[in-house]
Amino acid sequence: MNKILEQALLYDFYGELLTKHQKDVYEQFILEDLSLSEIAEGAGISRQGVHDLIRRCQKALEGYEAKLHLVERFLSVREKVGEIGDVLDEWEENRENPEEIVGRIRKISDAIIEEL
């Protein structure tokens, strides 16, 4: 997964744990794709200050993920739901052996429930 997408997901899950000032600056950098200079000018702080704040935010968000694993679980569940879609697509093409399809879907759904 690319770094920007990873940071956006971390922010989606844990962003509310940041202070308002941290959220404002981090959103401008990650979501609005503003440069450090643009953010610094708007926030009235130095470019280095913005850089340091963003690094602290990233470390905080990564720390939350290391402890809680919410993004990891989300991505795993999303992948399993995709597998269910693939199984159903396969069944729609063949329309054979519905018991096998039901068994495969139950197995995937059980794995999802275990993760939650």
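Residues numbered from 1 in each chain as written. Predicted model: local features only at pLDDT ≥ 70, side-chain atom pairs only at ≥ 80, totals over all residues. Heavy atoms only, no water.

1. Points about the overall build of the protein chain
Argument step 1. In terms of regular secondary structure, the protein chain is built from 6 helices and 0 strands.
Argument step 2. Ordering the α and β elements of the protein chain from the N terminus gives α-α-α-α-α-α.
Argument step 3. Over its C-alpha trace the protein chain gives a radius of gyration of 21 Å, far above what one expects of a compact globule, namely 13 Å for 116 residues.
Argument step 4. Out of the 116 residues in the protein chain, the part that is buried amounts to 28%.
Argument step 5. The long-range fraction of contacts in the protein chain, counting pairs at least 24 apart against all pairs at least 6 apart in sequence, stands at 59%.
Argument step 6. When the accessible surface of the protein chain is split by element, carbon and sulfur atoms take 52% of a total near 7900 Å².
Argument step 7. Side chains of the protein chain carry 15 positive and 26 negative charges; the gap between the two charge centres is 7 Å. (Helix = DSSP H or I, 4+ residues; strand = E, 2+ residues; numbered from the N terminus. Rg over C-alpha atoms; globule rule 2.2 N^0.38 Å. Buried < 20%, exposed > 50% of the residue type's maximum accessible area, 1.4 Å probe, protein only. Contact = heavy atoms within 4.5 Å. Areas by Shrake-Rupley, 256 points an atom, 1.4 Å probe, with all protein chains shown as cover. Lys, Arg positive; Asp, Glu negative; His and termini not counted. Charge placed at Lys NZ, Arg CZ, Asp CG, Glu CD.)

2. Re a nonpolar patch on the surface
Argument step 1. The grouping of F13, L68, L70 and F74 at the surface amounts to a nonpolar patch, some 300 Å² of accessible area in total.
Argument step 2. Tracing the chain through its elements places F74 in helix 5 (residues 70-94).
Argument step 3. Since its relative accessible area comes to 33%, F74 is described here as partly exposed. (Patch = residues over 30% accessible without salt bridge, like charges linked within 9 Å, V, L, I, M, F, W, Y side chains within 5 Å. Salt bridge = Lys/Arg side-chain N within 4 Å of Asp/Glu carboxyl O.)

3. A word on a negative patch on the surface
Argument step 1. On the surface, a cluster of negative charge is contributed by E79, E83, D86, D89, E92 and E93.
Argument step 2. With respect to the helices, strands and loops of the structure, D89 is situated in helix 5.
Argument step 3. With relative accessibility at 42%, the residue D89 sits in the partly exposed group.

4. Quick look at the side chain of E65
Argument step 1. Note that E65 resides in helix 4 (residues 47-68).
Argument step 2. Buried and without a salt bridge, E65 has R73 as its closest oppositely charged side chain, separated by 8.0 Å.
Argument step 3. The residues contacting E65, other than those within four sequence positions of it, are L10, Y14, L70, V71 and E72.

5. Observations regarding helix 4
Argument step 1. For helix 4, which comprises 22 residues, the first-to-last C-alpha distance of 32 Å matches the rise-based estimate of 32 Å (1.5 Å per residue) to within 8%.
Argument step 2. Those residues of helix 4 that fall on the buried side of the exposure criterion are V50, L53, I54, C57, Q58, L61 and E65. Within helix 4, the buried residues cover an arc of 135° as seen down the axis, which keeps them to one side. Turned more than 90 degrees away from the buried face of helix 4, the exposed residues are K59, A66 and K67.
Argument step 3. Buried-residue contacts for helix 4 involve helix 1 (3-14), helix 2 (20-30), helix 3 (36-43) and helix 5. (Expected span 1.5 Å × (residues − 1). Arc of directions from axis to C-beta.)

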